[in-house]
Amino acid sequence: MWKVFGEEGVMVRFGPLWKERMIELSKRRKDRDRFLELLEKAEITHYLDIHQTLHVFRMDLPTTCTAEDVEFLKGFVQRIIKSAEYPMVDLDGEEQKAALVISAEEPEDEHVSRMSSWYKMKQEEDRKRGSN
């Protein structure tokens with residue numbers, strides 16, 4: 001059975017489960033209120049990189065958050081992970097590789113970028129054809 005910090009769950013619910021476990025594991029920690037405030041603003045997702053067999057948890061913060069906020073979260077979460085008696089993710093008692101990405105950057109819409117590049121390339125091709 002899959003577990004996140006010792007709590008059983010199905011992979012499609014790992015993001016919310018990770019958040020729940022962070023809330024539980026942060027009890028009695030200094031600066032918990034600041035952590036919970038930032039955690040509440042974050043969108044937490046999970047995906048499995050099958051090529052590297054790596055569980056990736058992504059914490060996307062609003063762009064209004066500062067680099068200091070990101071550093072605070074990084075340190076806070078690292079302390080929780082080090083002190084937790086369970087691995088971040090395990091399968092049938094065997095620890096799995098896992099990583100956390102924390103970002104406060106506006107996500108780039110790759111589709112818009114690719115279409116913009118394609119459109120520019122198409123205009124250049126049409127211009128070259130027109131001059132021949």
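Calculation criteria
Residues numbered from 1 in each chain as written. Predicted model: local features only at pLDDT ≥ 70, side-chain atom pairs only at ≥ 80, totals over all residues. Heavy atoms only, no water. Helix = DSSP H or I, 4+ residues; strand = E, 2+ residues; numbered from the N terminus. Contact = heavy atoms within 4.5 Å. Core = buried A, V, L, I, M, F, W, Y, C linked by side-chain atoms within 4.5 Å. Buried < 20%, exposed > 50% of the residue type's maximum accessible area, 1.4 Å probe, protein only. Phe/Tyr/Trp six-rings, centres within 6.5 Å; stacked < 30°, edge-to-face > 60°. Pairing = 2+ DSSP bridges.

Asks: Quick question: what am I supposed to make of the environment of Met11 here?
Replies: Mapping Met11 onto the fold places it in the loop between β2 (7-8) and α1 (14-25). Separated by 85 residues in the primary sequence, Met11 and Gln96 have C-alpha atoms spaced 13 Å apart. Excluding residues within four positions of it along the chain, Met11 makes contact with Trp2, His46, Leu48 and His55.

Asks: Teacher, can you tell me more about the nonpolar core here?
Replies: Note on soluble globular proteins: their nonpolar side chains tend to be buried together. Judged by nonpolar contacts, the single largest core of 26 residues is most densely connected at Trp18, Met22, Phe35, Met59, Leu61 and Leu73. For this core, the element with the highest residue contribution is helix α3 (residues 67-83), accounting for six residues. Beyond its immediate stretch of four places on either side in the chain, Leu73 contacts Phe35, Leu38, Met59, Leu61 and Ile102.

Asks: Help me out: how do you make sense of the packing of aromatic side chains in this one?
Replies: Describing an aromatic ring pair means giving the distance of the ring centres and the angle of the ring planes. Scanning the entire structure with this criterion turns up four aromatic pairs. Residues Trp2 and Phe14 carry aromatic rings whose centres are separated by 6.1 Å and whose planes lie at 75 degrees to one another, so their mutual orientation is edge-to-face. With Trp2 in strand β1 (residues 2-4) and Phe14 in helix α1, the pair connects residues that are twelve residues apart, well separated along the chain. Judged by centre distance (4.3 Å) and plane angle (15 degrees), the ring pair of Phe35 and Phe76 falls under stacked. With Phe35 in helix α2 (residues 32-41) and Phe76 in helix α3, this pair connects stretches of sequence that are 41 residues apart. Each member of the pair, Phe35 as well as Phe76, is classed as buried. Taken together through their ring pairs, the aromatic side chains of Phe35, Phe72 and Phe76 make up a single cluster.

Asks: What is the right way to look at the pairing of strand β4 (residues 54-60) in this model?
Replies: Consecutive side chains of a regular strand alternate in pointing toward one face of the sheet and then the other. With respect to burial, β4 is a largely interior element, five of its seven residues being buried. Where strand β3 (residues 43-49) meets β4, seven bridges bridge the pair, whose relative direction is antiparallel. Residue pairing in the sheet places Glu43 in a bridge with Asp60 of β4.

Asks: Sorry, what's going on with unusual backbone geometry here?
Replies: Most peptide bonds are trans, and most residues other than glycine sit at a negative phi. One non-glycine residue, Arg28, lies in positive phi territory at about 65 degrees. If you trace the backbone, Arg28 turns up in the loop between α1 and α2. Its identity as a non-glycine residue notwithstanding, Thr53 has a phi of 45 degrees, on the positive side. Locating Thr53 in the fold gives a position in the loop between β3 and β4. A relative accessible area of 44% places Thr53 in the partly exposed class.

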